[in-house]
Amino acid sequence: MLTNIKINEERLWDSLNEMALIGATDKGGVNRQALTDLDKQSRDLFISWCKKENLSISIDQMGNIFARREGKNNALAPIMSGSHLDTQPTGGKYDGALGVLCALEAIRTLNEFNYITEAPIEIVMWTNEEGCRFPPAMTGSAVFSGLHDLNDALLIKDQSGTTLGSELARINYNGSTICSHRPIGGFIEVHIEQGPILEIENKNIGIVTGAQAQKWYEINITGMEAHAGPTPMTIRKDALVASAEIVLLVNSIGNNFQPGGCATCGVLEIANPSRNVIPGNCFLTIDFRHPIDKSLQKMDKELRKNIKLIEKDKKVEIEIKQILELKSNSFNKSIINTIKDVSNNLNYTSKEIISGAGHDAVNINSIAPTAMIFVPCIDGISHNEIENIYKEDAIRGTEVLLHSIIELANNSSKIINN
Ligand SMILES: [Zn+2]
């Protein structure tokens with residue numbers, strides 16, 4: 001490893017702070033939703049910084065921005081790194097911006113040290129990662145990866161009926177480069193963890209090995225409304241009591257599938273609630289996650305088997321509708337190992353970790369060797385204006401990215417697909 005090459009810590013931190021001024025909120029967060037005037041300002045600033053580094057800019061039909069630094073052998077597929085600049089309405093300063101600006105700092109450092117890698121390097125800024133204004137999330141990287149149709153994406157409407165395509169044109173980011181995948185030697189996304197594990201275990205770097213499998217369900221429980229006074233306990237068909245049993249069941253399934261299982265009932269609604277009526281209809285949602293597909297299947301089995309018992313015991317009808325299924329994602333072993341080696345060489349503590357949230361990297365993993373670097377965030381909080389990180393953690397994440405990029409760009413033929 002080229003230990004003499006070091007990032008400029010203040011430059012990184014200043015750029016993060018300068019970017020965070022665009023859409024800054026009173027509570028210290030950022031509201032910079034996709035394809036708003038503020039999003040345009042953040043893109044313009046990013047591009048102006050890239051141009052100062054003599055990078056060549058291309059913008060594709062989804063408004064994804066690529067900033068390229070040539071290598072010694074430009075026939076090689078580029079090593080790519082980046083994330084997103086859009087935020088949630090109650091977003092923070094680092095979710096997304098960190099990944100883009102770490103990649104920029106890596107390139108600034110290489111320029112400063114006049115160091116040319118074998119393969120070219122590209123920074124990428126993906127459009128509409130958050131999906132809060134234009135659902136679903138991660139559309140820029142999904143279209144690029146061939147997982148979402150371009151024309152469908154351009155027709156996604158926000159709540160006022162304005163389309164994603166017309167907003168792209170309005171802010172002048174409807175680029176001419178075809179939005180479709182091309183050879184990428186390797187992709188690394190730096191991101192805040194958005195969870196508390198690294199902080200709790202006092203680790204500097206999260207080496208993300210993949211993303212969880214998920215199943216989402218909607219449950220309808222039908223019992224019978226009846227008077228709370230005259231109806232004896234023995235003959236009741238109480239939909240809420242059955243729901244309560246399901247909530248406890250879901251929680252115990254989560255606990256029984258450790259390590260890794262997550263099980264949540266996020267919504268529970270009683271139809272026509274009244275204090276002296278036994279609830280007759282309830283609706284609840286279940287979110288199951290596990291890093292291992294087989295374990296998630298077993299969680300599903302447990303759920304269905306036990307719901308049958310609750311149905312019988314509580315004399316209600318329970319309808320289970322699965323509304324989403326995502327398979328687990330394993331990132332590229334060569335890139336994971338590179339990140340691990342670099343992290344060790346820099347004497348940082350690290351931990352392998354599975355991403356609980358979706359990221360652009362998960363889409364890119366379907367077309368190119370991919371991995372992620374997580375940086376701890378304070379109290380694990382994100383999608384919140386108080387989201388925060390320590391400067392030292394941002395610095396460590398960027399050092400790991402820089403040296404991983406150098407390794408990968410100089411040895412891209414050694415990246416093995418898995
Ligand atoms: Zn993000």
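None of these values were measured; they are calculated from a predicted model.

Moving on to the overall build of the protein. Scanning the protein for helices and strands turns up twelve helices and 16 strands. The C-alpha atoms of the protein give a radius of gyration of 24 Å, which matches the 22 Å a tight globule of 418 residues would have. Here the C-alpha coordinates of the protein stretch approximately 85 × 45 × 40 Å along the principal axes. Burial analysis of the protein (418 residues in total) assigns 49% to the buried set.

So, about the environment of G63. With respect to the helices and strands, the residue G63 is situated in the loop between β1 (56-59) and β2 (65-69). Look at G63 and you get buried, because 29 C-beta atoms sit within 10 Å. In this structure the C-alpha to C-alpha distance between G63 and L168, which are 105 residues apart in sequence, comes to 6.7 Å. If sequence neighbours within four positions are ignored, G63 has contacts with T127, G140, L168, Y173, N174 and G175.

Next up on the list: the nonpolar core. Among the nonpolar cores identified, the biggest contains 87 residues, and L98, I373, L401 and I405 are the most heavily contacted of them. For this core, the leading source of residues is helix α3 (residues 97-112), giving ten residues. Ignoring any residue separated from it by four or fewer positions in sequence, one finds L98 in contact with L16, V190, H191, I192, V375 and A394. Within the second largest apolar cluster, 22 residues are counted, among which are A213, I253, F288 and I307.

We now examine the environment of D287. Relative to the assigned elements, D287 resides in strand β12 (residues 281-290). Exposure remark for D287: the 17 C-beta atoms within 10 Å place this residue in the partly exposed category. Sequence separation between D287 and Q214 is 73 residues; the distance between their C-alpha atoms is 7.3 Å. Discounting chain neighbours no more than four positions away, the residues touching D287 are W216, T264 and G266.

Moving on, we get to helix α9 (residues 293-313). For α9, spanning 21 residues, the distance from its first C-alpha to its last is 31 Å, which sits close to the expected 30 Å at 1.5 Å a residue. Within α9, burial applies to L296, M299, L303 and I307. Looking straight down α9, one finds its buried side chains confined to an arc of 65°; they lie on one side. Opposite the packed face of α9, turned more than 90 degrees from it, sit the exposed residues K294, K301, K305, K308, L309, K312 and D313. Residues of α9 that are buried sit in contact with β7 (213-222), α8 (239-256), β9 (262-264), β12 and β13 (317-326). Looking one or two residues past α9, K315 carries a phi angle of roughly 55°, positive in sign.

Counting buried residues along strand β4 (residues 121-126), six of its six residues qualify, which places the element largely inside the surrounding structure. Alternating positions in β4 separate into two faces, I121, I123 and M125 on one and E122, V124 and W126 on the other, with burial throughout. Across five bridges, the pairing between β2 and β4 is antiparallel. Each bridged residue has a counterpart across the sheet, and for A67 the counterpart in β4 is I123. As judged from the six bridges shared by strand β3 (residues 79-84) and β4, these two strands associate in the parallel manner.

Right, let's talk about the packing of α8 against α9 for a bit. With their axes 10 Å apart at the nearest point, α8 and α9 run at an angle of 155° to one another. Comparing the axis directions of α8 and α9 gives the class roughly antiparallel. For the pair α8 and α9, the crossing hand works out as right-handed. On α9, the residues touching A242, E245, I246, L249 and I253 of α8 are M299, E302, L303, N306, I307 and I310. Its residues assigned to classes, the contact of α8 with α9 shows eight nonpolar, one polar and two charged.

Interface size is commonly expressed as the accessible surface area that is lost when the partners come together. Looking at the assigned domains, one finds that the protein contains domain 1 (9-211 + 328-414) and domain 2 (213-326). The C-alpha centroid of domain 2 is placed 38 Å from the C-alpha centroid of domain 1. Counting residues at the interface gives four residues for domain 1, matched by seven residues for domain 2. Of the residues that constitute the side of domain 1 that touches domain 2, the class distribution is one nonpolar, three polar and no charged.

Excluding glycine, residues mostly carry a negative phi; peptide bonds, for their part, are mostly trans. Residue P135 is joined to P136 through a cis peptide bond whose omega torsion reads 5°. Relative to the elements of secondary structure, P136 occurs in the loop between β4 and α4 (139-144). Non-glycine residue M138 carries a positive phi angle of around 60°. Turning to its location among the elements, M138 is positioned in the loop between β4 and α4. Take M138: there are 24 C-beta atoms within 10 Å of it, and that puts it in the buried class. Non-glycine residue N347 carries a positive phi angle of around 60°. Looking at the secondary structure, you find N347 in the loop between α10 (333-345) and β15 (350-355).

Rules used in this analysis
Residues numbered from 1 in each chain as written. Predicted model: local features only at pLDDT ≥ 70, side-chain atom pairs only at ≥ 80, totals over all residues. Helix = DSSP H or I, 4+ residues; strand = E, 2+ residues; numbered from the N terminus. Rg over C-alpha atoms; globule rule 2.2 N^0.38 Å. Buried ≥ 20, exposed ≤ 12 C-beta atoms within 10 Å, placed from the backbone. Contact = placed C-beta atoms within 7 Å. Core = buried A, V, L, I, M, F, W, Y, C linked by C-beta atoms within 7 Å. Expected span 1.5 Å × (residues − 1). Arc of directions from axis to C-beta. Pairing = 2+ DSSP bridges. Axes fitted to C-alpha atoms, helices over the stretch in contact; angles between N-to-C directions. Parallel < 35°, antiparallel > 145°, perpendicular 65-115°, else oblique. Left-handed = near helix turned anticlockwise from the far one by under 90°. Nonpolar A, V, L, I, M, F, W, Y, C, P; charged D, E, K, R; others polar. Domains from an automatic or database assignment.

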